[in-house]
Amino acid sequence: MSTSGAQAAAFFREIARTRTVWWARDDDGSPTPVSSSGQPAFPYWSSKTRAQRAAQLWGPQFRTVSMPLDHWRSAALPDLVLQL
């Protein structure tokens, strides 16, 4: 399994266990960085600590926000499909 595959598997295991997804945002929303392959990289994390690291890198206006897994699955994921 590739490194990204292992990271994705760990992400899904952790959010299944905690039932929470974390993201970083400011008043305008969440940035959508571009991966090295040129594809959008959607900024969701399986822990508050990881999301806080990204928020600190992006600037003081960013904060971490939790989202229940069920809401992420029903609201955020369908929006992501439309952006791909």
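This one's a predicted model, so the numbers in the text were calculated from it and none came from an experiment.

Rules used throughout
Residues numbered from 1 in each chain as written. Predicted model: local features only at pLDDT ≥ 70, side-chain atom pairs only at ≥ 80, totals over all residues. Heavy atoms only, no water. Pairing = 2+ DSSP bridges. Helix = DSSP H or I, 4+ residues; strand = E, 2+ residues; numbered from the N terminus. Core = buried A, V, L, I, M, F, W, Y, C linked by side-chain atoms within 4.5 Å. Buried < 20%, exposed > 50% of the residue type's maximum accessible area, 1.4 Å probe, protein only. Contact = heavy atoms within 4.5 Å. 1 Å grid on protein atoms, 1.4 Å probe; cavity = no way out; pocket = protein on both sides within 12 Å on 5 of 7 lines; lining within 4 Å. Points joined across faces, edges and corners; volume = space filled by probe spheres on them. Nonpolar A, V, L, I, M, F, W, Y, C, P; charged D, E, K, R; others polar. Polar contact = N/O pair within 3.5 Å; in protein donor to acceptor, adjacent residues only side chain to side chain.

1. So, the pairing of strand E1 (residues 20-25)
For a regular strand, side-chain orientation follows a simple rule: the groups alternate between the two sheet faces. Two strands pair when backbone bridges link them, and E1 and strand E3 (residues 63-68) are joined in this way by 6 bridges, in the antiparallel orientation. Bridge assignment links Trp-23 to a residue of E3, and that residue is Val-65. Bridge analysis of E1 against strand E2 (residues 44-45) gives 2 bridges, and the strand direction is antiparallel. By the bridge assignment for E2, Trp-22 is matched with Trp-45.

2. A look at the environment of Ser-2
Following the sequence through the fold, Ser-2 ends up in the segment before helix H1 (3-18). Taking C-alpha positions, Ser-2 is 23 Å from Val-81, a pair spaced 79 residues apart along the chain.

3. Concerning the nonpolar core
Among the nonpolar cores identified, the biggest contains 10 residues, and these are Phe-11, Ile-15, Val-21, Trp-23, Tyr-44, Met-67, Leu-69, Trp-72, Ala-76 and Leu-80. Taken together, the elements giving at least two residues each to this core come down to H1, E1 and helix H3 (69-83). The dominant element in this core, judged by the number of residues it contributes, is H3, at 4 residues. In this structure, Tyr-44 is in contact with Phe-11, Val-21, Trp-22, Trp-23, Met-67, Trp-72, Ala-76 and Leu-80, ignoring residues within four places of it in sequence. Listed in part, the 7 residues of the second largest apolar core include Ala-24, Ala-54, Ala-55 and Phe-62.

4. Quick word on the layout of surface pockets
Taken as a whole, the largest pocket spans an internal volume of roughly 510 Å³. Residues that form the lining of the largest pocket fall into these classes: 9 nonpolar, 3 polar and 1 charged.

5. Some words on the environment of Val-65
Within the fold, Val-65 resides in strand E3. Val-65 sits 42 residues away from Trp-23 along the chain, and the two C-alpha atoms are 5.5 Å apart. With residues near it in sequence (within four places) discarded, Val-65 still touches Val-21, Trp-22, Trp-23 and Arg-25.

6. Quick word on the side chain of Ser-46
Assignment of secondary structure puts Ser-46 in the loop between E2 and helix H2 (48-58). Within polar-contact distance, the side chain of Ser-46 engages the side chain of Glu-14 at 3.2 Å. A polar contact is formed between the side chain of Ser-46 and the side chain of Arg-50, at a distance of 3.0 Å. Contacts of Ser-46, omitting those with residues within four sequence positions, involve Phe-11, Glu-14, Ile-15, Thr-20 and Trp-22.

Read these as geometric descriptors, not functional statements.
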